[in-house]
Amino acid sequence: MAYLDRVFAGGAGRYAPPPMDPDADWADLVASPRAKAERHGEHEVLFHEGDRAERFFEIVDGSVMLYKLLPDGRRQVVEILGPGDLFGLPYGPQQECSAETLMVSTLRVIDRREAETSVGLQRHIAKCLLAQVATLHEHAVLLGRKSAQERVATFLVRLVPRRSRPGCPGPGRENDEAVIRLSMTRQEIADYLGLTIETVSRVISDLRRRGILAADKQDRLRIPDICALCRLSGMR
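Residues numbered from 1 in each chain as written. Predicted model: local features only at pLDDT ≥ 70, side-chain atom pairs only at ≥ 80, totals over all residues. Heavy atoms only, no water.

**Description of the overall build of the chain**
Turning to step 1, where the next piece is worked out: Assigned secondary structure in the chain consists of eight helices and 11 strands.
Turning to step 2, where the next piece is worked out: Across the chain, the fraction of contacts at a sequence separation of at least 24, relative to all contacts at a separation of at least 6, is 69%.
Turning to step 3, where the next piece is worked out: In the structure as shown, the chain presents an accessible area of about 13400 Å², 53% of it carried by carbon and sulfur atoms. (Helix = DSSP H or I, 4+ residues; strand = E, 2+ residues; numbered from the N terminus. Contact = heavy atoms within 4.5 Å. Areas by Shrake-Rupley, 256 points an atom, 1.4 Å probe, with all protein chains shown as cover.)

**So, the packing of helix H5 (residues 148–157) against helix H6 (residues 186–193)**
Turning to step 1, where the next piece is worked out: The N-to-C vectors of H5 and H6 enclose an angle of 115°; their axes lie 11 Å apart at closest approach. Considering their axes alone, H5 and H6 lie roughly perpendicular with respect to each other. Here H5 runs over H6; the crossing is right-handed. Residues Arg151, Val152 and Phe155 of H5 pack against Ile189, Tyr192 and Leu193 of H6.
Turning to step 2, where the next piece is worked out: Looking at the contact of H5 with H6, its residues break down into five nonpolar, no polar and one charged. (Axes fitted to C-alpha atoms, helices over the stretch in contact; angles between N-to-C directions. Parallel < 35°, antiparallel > 145°, perpendicular 65-115°, else oblique. Left-handed = near helix turned anticlockwise from the far one by under 90°. Nonpolar A, V, L, I, M, F, W, Y, C, P; charged D, E, K, R; others polar.)

**Points about the pattern of salt bridges**
Turning to step 1, where the next piece is worked out: According to the stated counting rule, one finds 16 salt bridges in the structure shown.
Turning to step 2, where the next piece is worked out: With a shortest N-O distance of 3.8 Å, Glu116 and Arg112 are connected by a salt bridge. You can see Glu116 and its partner Arg112 sitting in helix H3 (residues 112–116), four residues apart, about one turn around the helix.
Turning to step 3, where the next piece is worked out: The salt bridge involving Asp206 is made with Arg210; its shortest N-O contact spans 3.3 Å. (Salt bridge = Lys/Arg side-chain N within 4 Å of Asp/Glu carboxyl O.)

**Details of helix H7 (residues 197–209)**
Turning to step 1, where the next piece is worked out: The first and last C-alpha atoms of H7 sit 18 Å apart over 13 residues, in line with the 18 Å expected at 1.5 Å per residue.
Turning to step 2, where the next piece is worked out: By the burial criterion, the buried members of H7 are Thr199, Val200, Val203, Ile204 and Leu207. Projected down its long axis, H7 carries its buried residues within an arc of 130°, all on one side. Among the exposed residues of H7, those oriented more than 90 degrees off its buried face are Glu198, Arg202 and Arg209.
Turning to step 3, where the next piece is worked out: Buried residues in H7 make contact with H5, H6 and helix H8 (226–232). (Expected span 1.5 Å × (residues − 1). Buried < 20%, exposed > 50% of the residue type's maximum accessible area, 1.4 Å probe, protein only. Arc of directions from axis to C-beta.)

**Considerations on the nonpolar core**
Turning to step 1, where the next piece is worked out: Formed by 33 residues in total, the largest nonpolar core has its most connected members in Val152, Phe155, Leu156, Leu193, Leu207, Leu213 and Leu229.
Turning to step 2, where the next piece is worked out: Excluding residues that lie within four positions of it along the chain, Val152 makes contacts with Leu193, Leu195, Val203, Ile204 and Leu207.
Turning to step 3, where the next piece is worked out: Counting residues in each nonpolar core, the second largest holds 12 residues, with Ile59, Leu66, Leu81 and Ala99 among its members. (Core = buried A, V, L, I, M, F, W, Y, C linked by side-chain atoms within 4.5 Å.)

**So, the environment of Gln94**
Turning to step 1, where the next piece is worked out: Assignment of secondary structure puts Gln94 in the loop between strand S6 (86–87) and strand S7 (98–101).
Turning to step 2, where the next piece is worked out: When its relative accessible area of 46% is taken as the criterion, Gln94 is described as partly exposed.
Turning to step 3, where the next piece is worked out: A C-alpha to C-alpha distance of 8.4 Å links Gln94 and Glu54, two positions 40 residues apart in sequence.
Turning to step 4, where the next piece is worked out: Not counting chain neighbours up to four residues away, the residues in contact with Gln94 comprise Gly50, Asp51, Arg52 and Ala53.

**Things to note about the pairing of strand S3 (residues 55–61)**
Turning to step 1, where the next piece is worked out: Pairing of S3 with strand S8 (residues 105–111) involves six bridges; the strand directions are antiparallel. Bridging across to S8, Asp61 finds its partner in Thr106. (Pairing = 2+ DSSP bridges.)

**Considering the confidence of the model for the chain**
Should pLDDT be low for a region, the predicted coordinates there are not to be read in detail.
Turning to step 1, where the next piece is worked out: For the chain, the average pLDDT comes to 85, and 86% of its residues sit at 70 or higher.
Turning to step 2, where the next piece is worked out: The low-confidence segment residues 1–12 (pLDDT under 50) makes 12 contacts with residues lying over four places distant or belonging to another chain. (pLDDT = per-residue confidence, 0-100.)

**Concerning the sheet that holds strand S1 (residues 35–40)**
Turning to step 1, where the next piece is worked out: Pairing is antiparallel across the open sheet formed by four strands, whose spatial order is S1-S8-S3-S6. Each having just a single partner strand, S1 and S6 make up the two edges of the open sheet.

**Observations concerning helix H4 (residues 119–145)**
Turning to step 1, where the next piece is worked out: With 27 residues, H4 extends 39 Å between its outermost C-alpha atoms, agreeing within 8% with the 39 Å of an ideal straight helix rising 1.5 Å per residue.
Turning to step 2, where the next piece is worked out: Among the residues making up H4, those that are buried are Gly120, Leu121, His124, Ile125, Cys128, Gln132, His139 and Leu142.

**Remarks on the packing of H5 against H7**
Turning to step 1, where the next piece is worked out: Running from N to C, H5 and H7 cross one another at 75°; their axes reach a closest spacing of 10 Å. In terms of their interaxial angle, H5 and H7 are classed as roughly perpendicular. Note on element contacts: H7 touches H5 through Thr199, Val203, Ile204, Asp206 and Leu207, opposite Ala148, Gln149 and Val152.
Turning to step 2, where the next piece is worked out: Here the contact of H5 with H7 is composed, by residue class, of five nonpolar, two polar and one charged.

Right, dumping it as structure tokens:
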């Protein structure tokens, strides 16, 4: 039945609102001048915890880490974000954490008032943030229950596209290897995994000795057997 037929199907004069497509509303927004594209360099701070949350961001390409600082200067990286992820939308008027690029990144920057005046945009944002909540739940399990080896293995195997997650295609027929790029320093990895830099370095060195990892370039590691690394992560 066509939409105009459905509008009055319940009787003359009864109006049904048009179906809402929040993804279409979002596409209209990002294609308009209201969404500004910005290019940021590697390890560039985007905002600090406590700054006013007047804008929010979508990652077009690149990667961003969100982190909190303890009073004694210790840092906990709370989230690593990639293309398509949104950030800068705290519950209150101030940013709850700091944000920093991990590599050269392109961001869409949008005035927070755009979301406050559009139900369609709010629904799109809610869908994106719910997916990120699921990732945060997994990270809570990692920090609360996994060993140092499991934490490092989980972090590394998640850098392999489409692996170690629902719908994983499993190993290929000929080989099951991948080369991953480490956009984070050992200290940043340690801050994300709740470990010391010495522990992260020790675990990676042990995995290399056992043939689970191999050096490729300075910022790259080769995983000869993805499933073997996944088994060490405690995810299977």
